[in-house]
Amino acid sequence: MADELLVFEQTIEALFLRALHGRLTPGCKERLRKEGLDVDQKLRPAYAFASWMAYLRIASEELFPQDSMGQGTFKLGEAYIEGFRETMLGRAVLSLLRVLGPRRTLMRATQNFRAGNNYTESKLTELGPCQFELWMNEVGDYPAFTAGIIHAGLRVAGAQNVSIETSGYDGHACTYRINWNEASVSSGVAGSGDSKAARRSGSISSL
């Protein structure tokens, strides 16, 4: 993992400039500015991970004051995918997910998340049909945010009735237990290229 954890400009853009555009109050913008994020100015190429955590906390408190931090950050994670869809990189990545289907989307977790940061590592363990455990090395203070991203991303990939539970969270790493119903016909056909050997392996590392 990188010595200095960084979140790239495109991640900030997807959430704060795209997904939350028009929803940030002047008070919220001021709180973000005090933490180093001015959404009305040109974004920097990268932001410190600790600052990113602060931005998520502020956005959750301001936009979802009636929710717990876990519920609010989960909603931000889902919103992130909607904002990511509006970026040039996001359109390409999400189009690929629709072709890959849910299973192979999870196999690419490291690559997918590394599009927006320099630190994500993951390991995927297959428990059964449409049942997986996904370990991620660093999810920061708000594991529900990452869960929201995974939830929305799998739906883009064609999964239905996605369920995600967290376990083994130690303040950094977290394991997500994920299951869903059979994917839609289109993504199921597209994902039929998964090899039998890979399905038998049970453990798929993505580092």
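This text goes with the structure placed above it.
Parameters at a glance
Residues numbered from 1 in each chain as written. Predicted model: local features only at pLDDT ≥ 70, side-chain atom pairs only at ≥ 80, totals over all residues. Heavy atoms only, no water. Helix = DSSP H or I, 4+ residues; strand = E, 2+ residues; numbered from the N terminus. Buried < 20%, exposed > 50% of the residue type's maximum accessible area, 1.4 Å probe, protein only. Contact = heavy atoms within 4.5 Å. Areas by Shrake-Rupley, 256 points an atom, 1.4 Å probe, with all protein chains shown as cover. Axes fitted to C-alpha atoms, helices over the stretch in contact; angles between N-to-C directions. Parallel < 35°, antiparallel > 145°, perpendicular 65-115°, else oblique. Nonpolar A, V, L, I, M, F, W, Y, C, P; charged D, E, K, R; others polar. Phe/Tyr/Trp six-rings, centres within 6.5 Å; stacked < 30°, edge-to-face > 60°. Core = buried A, V, L, I, M, F, W, Y, C linked by side-chain atoms within 4.5 Å. Pairing = 2+ DSSP bridges.

Here we come to the overall build of the chain. For the chain, the helix and strand inventory stands at 9 helices and 7 strands. Residues counted as buried form 50% of the 207 residues belonging to the chain. Sequence-distant contacts in the chain: of pairs separated by 6 or more residues, those separated by 24 or more amount to 66%. Element-wise, carbon and sulfur atoms account for 51% of the exposed surface of the chain, whose accessible area totals about 9800 Å².

Taken N-terminus to C-terminus, the directions of helix H3 (residues 49-63) and helix H4 (residues 69-85) make an angle of 105 degrees; their axes are 9 Å apart at the nearest point. In terms of orientation, H3 lies roughly perpendicular with respect to H4. Residues Leu56, Arg57, Ala59, Ser60 and Glu61 of H3 pack against Met69, Gly72, Thr73 and Leu76 of H4. The class makeup of the residues in the contact of H3 with H4 is 4 nonpolar, 3 polar and 2 charged.

What follows is about the packing of aromatic side chains. Taken as a whole, this structure holds 8 aromatic pairs when the rule is applied. Ring geometry for phenylalanine 132 versus tryptophan 180: centroids 5.6 Å apart, planes at 5 degrees, classification stacked. Pair noted here: phenylalanine 132 is in strand S4 (residues 131-136) and tryptophan 180 is in strand S6 (residues 174-181), with a separation of 48 residues, a long-range link. Judged by its relative accessible area of 7%, tryptophan 180 falls in the buried class. Among the aromatic side chains, those forming a connected cluster through ring pairs are Phe16, Tyr47, Trp52, Tyr55, Tyr80, Phe84 and Phe145.

With 58 residues, the main nonpolar core has Leu15, Phe16, Trp52, Ile150 and Ile178 as its most contacted residues. By residue number, the principal contributor to this core is H3, which donates 8 residues. Not counting residues within four places of it along the chain, the set of residues in contact with isoleucine 150 comprises Leu106, Phe113, Leu134, Met136, Ile164, Tyr176 and Ile178.

Another point: unusual backbone geometry. The backbone of cysteine 130 sits at a positive phi, close to 60 degrees, despite the residue not being glycine. Look at cysteine 130 and you get buried, because its relative accessible area is 13%. Unusually for a residue other than glycine, asparagine 161 sits at a positive phi of about 50 degrees. Turning to its location among the elements, asparagine 161 is positioned in strand S5 (residues 160-167). Of the residues examined, asparagine 161 reaches a relative accessible area of 58% and is grouped as exposed.

It is worth spelling out the pairing of S4 at this point. Side chains Phe132, Leu134 and Met136 project from S4 onto a buried face, and the interleaved Gln131, Glu133 and Trp135 project onto a face without burial. Between strand S3 (residues 122-128) and S4, which pair antiparallel in sequence order, lie 2 residues; one of them, cysteine 130, sits at a positive phi of approximately 60 degrees. As paired strands, S4 and S6 are joined by 6 bridges and run antiparallel to one another. Looking across to S6, one finds that tryptophan 135 is bridged to threonine 175.

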